[in-house]
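# Commentary on secondary and tertiary structure
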Amino acid sequence: MSGSDSTSVNTTMSAQTMPAPTPPDWGRGRYERTAAQLLPAAQAVVDAAGVGPGERVLDIGCGTGNAALIAARLGARVTGVDPAERLLDVARGLAREEGLDVGFRSGDAASLPVPDDSFDAVLSNFAVIFASDADAAVAEMVRVLAPAGRIVFSSWLRHGAVGQLSAVAPDLIRRALDAPPPPRPFAWHDENALRTLFAAHDMTVTVAQHDLVFTDESPEAYLEAERHSHPLAVAGFEVLERLGQAEQAHKQLLQILTDGNEDTGAFRSTSHYLTVTAVGR
Ligand SMILES: C[S@@+](CC[C@H](N)C(=O)[O-])C[C@H]1O[C@@H](n2cnc3c(N)ncnc32)[C@H](O)[C@@H]1O
């Protein structure tokens, strides 16, 4: 699931109680599978930033280190920040295996544990889009960016079966819990909204559109793997199972994948995303 729903549900509540929004734990499940799927986008983010040797690079929401490691291989001096401790440990292990010196630190996009003006490039591959307060996250990216630096991040455009799955799944869970709709998240996919958000910090925005293809042996295999690996799916299905609605939801999600399947002999779904570049005026 590729969506940017910034809250998950408290998995201990009943259908009658109000869900207290809690940040999802991205260390659950097996995020490593998703990281591999998102690797081409991490490459696109690093490419868009034009990272060079010796540059100071911050990867916000680094997860298992996709963009951070690519930048470090280019000779950049890289720091990765993420709230998920398990993913940071995986990232540290991967850096060690390659002999790359990357600093991975626990932290949130809205309060980055790094000094002002300290990075030439601030990157985020499908991560800052999960910040619950977009203004606060952008203010932090701008705070830590050195003069003449650039911010580059990726953001989903809703498209294809996988995009639809990510849009529908959180609603299925909320409906199962009889919970009210969440506050509307910031439109990280909307160029005009992004221009306005960054203009408040004297920054201009340019975007480029890309495709990311998700494949598997079949829609069934894709959904089964997502259900047991993607952190948001693992948490969501735990709630649905508790409420006895998991199989109904599974069928509904499978139908979305089957209807949107682009490959009659297997499974293929093309998602679109933006790389967003912000620089000072
Ligand atoms: C879709 S994953 C992307 C991870 C990584 N950038 C990659 O390319 O694989 C989203 C990441 O955002 C992180 N994240 C979620 N909320 C965050 C927040 N408020 N601040 C910083 N990172 C956050 C998660 O822990 C997770 O690692």
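Thresholds applied
- Residues numbered from 1 in each chain as written.
- Predicted model: local features only at pLDDT ≥ 70, side-chain atom pairs only at ≥ 80, totals over all residues.
- Heavy atoms only, no water.
- Near = heavy atom within 4 Å.
- Polar contact = N/O pair within 3.5 Å; in protein donor to acceptor, adjacent residues only side chain to side chain.
- Areas by Shrake-Rupley, 256 points an atom, 1.4 Å probe, with all protein chains shown as cover.
- Helix = DSSP H or I, 4+ residues; strand = E, 2+ residues; numbered from the N terminus.
- Nonpolar A, V, L, I, M, F, W, Y, C, P; charged D, E, K, R; others polar.
- pLDDT = per-residue confidence, 0-100.
- Contact = heavy atoms within 4.5 Å.
- Buried < 20%, exposed > 50% of the residue type's maximum accessible area, 1.4 Å probe, protein only.
- Lys, Arg positive; Asp, Glu negative; His and termini not counted.
- Salt bridge = Lys/Arg side-chain N within 4 Å of Asp/Glu carboxyl O.
- Axes fitted to C-alpha atoms, helices over the stretch in contact; angles between N-to-C directions.
- Parallel < 35°, antiparallel > 145°, perpendicular 65-115°, else oblique.
- Pairing = 2+ DSSP bridges.

Another point: the site of the ligand. Tyr31, Gly61, Asp82, Ala109 and Asn125 are the nearest of the 19 residues found near the ligand. Measuring from a nitrogen atom of the ligand, one finds a side-chain N or O atom of Asp108 at 3.0 Å. Between Asn125 and the ligand, the recorded distance is 2.8 Å, taken from a side-chain N or O atom to an oxygen atom. In isolation the ligand has 580 Å² of accessible area, and contact with the protein removes 95% of it. Top element by residues in the shell around the ligand is helix α1 (residues 31-49). It accounts for three residues. The class makeup of the residues in the shell around the ligand is 13 nonpolar, four polar and two charged.

With that settled, the discussion passes to the confidence of the model for the protein chain. Per-chain confidence: the protein chain averages 93 in pLDDT, with 93% of residues scoring 70 or above. Across residues 2-20, confidence stays below pLDDT 50; counting only partners more than four residues off in sequence or on other chains, it has 51 contacts.

Positionally, Leu39 belongs in helix α1. Residues Leu39 and Leu212, spaced 173 residues apart in sequence, show a C-alpha to C-alpha distance of 9.7 Å. Setting aside anything within four residues of it in sequence, one finds Leu39 in contact with Asn66 and Ile70.

By the element assignment, Asp82 lies in strand β2 (residues 77-82). Of the side chains with opposite charge, Arg92 lies nearest to the buried Asp82, which makes no salt bridge, at 9.9 Å. A polar atom in the side chain of Asp82 sits 3.3 Å from the backbone nitrogen of Cys62. One polar contact links the side chain of Asp82 to the main-chain amide nitrogen of Gly63, over a distance of 2.8 Å. Ignoring any residue separated from it by four or fewer positions in sequence, one finds Asp82 in contact with Gly61, Cys62, Gly63, Leu88, Arg105, Ser106 and Gly107.

Residues separated by three or four positions in an α-helix point in the same direction, a consequence of the helix having 3.6 residues per turn. Most of helix α2 (residues 66-73) sits out of view: seven of its eight residues are buried. Among all positions in α2, only Asn66, Ala67, Ala68, Leu69, Ile70, Ala71 and Ala72 are buried. Backbone geometry just after α2 places Gly75 at a positive phi near 95°.

With that settled, the discussion passes to the packing of helix α8 (residues 231-242) against helix α9 (residues 246-260). For the pair α8 and α9, the least separation of the axes is 7 Å and the interaxial angle reads 130°. In terms of their interaxial angle, α8 and α9 are classed as oblique. Together, Phe237, Leu240 and Glu241 of α8 and Ala246, Ala249, His250 and Leu253 of α9 make up the contact between the two elements. In the contact of α8 with α9, the residues fall into five nonpolar, one polar and one charged.

This part covers the pairing of strand β7 (residues 267-280). A large share of β7 lies buried, amounting to 11 of its 14 residues. One ladder, built from eight bridges, connects strand β5 (residues 145-157) with β7; its direction is antiparallel. The residue bridging Trp156 from the neighbouring strand is Tyr273, located in β7. Two elements, strand β6 (residues 203-216) and β7, share 14 bridges in a ladder whose sense is antiparallel. The residue bridging Thr215 from the neighbouring strand is Arg268, located in β7.

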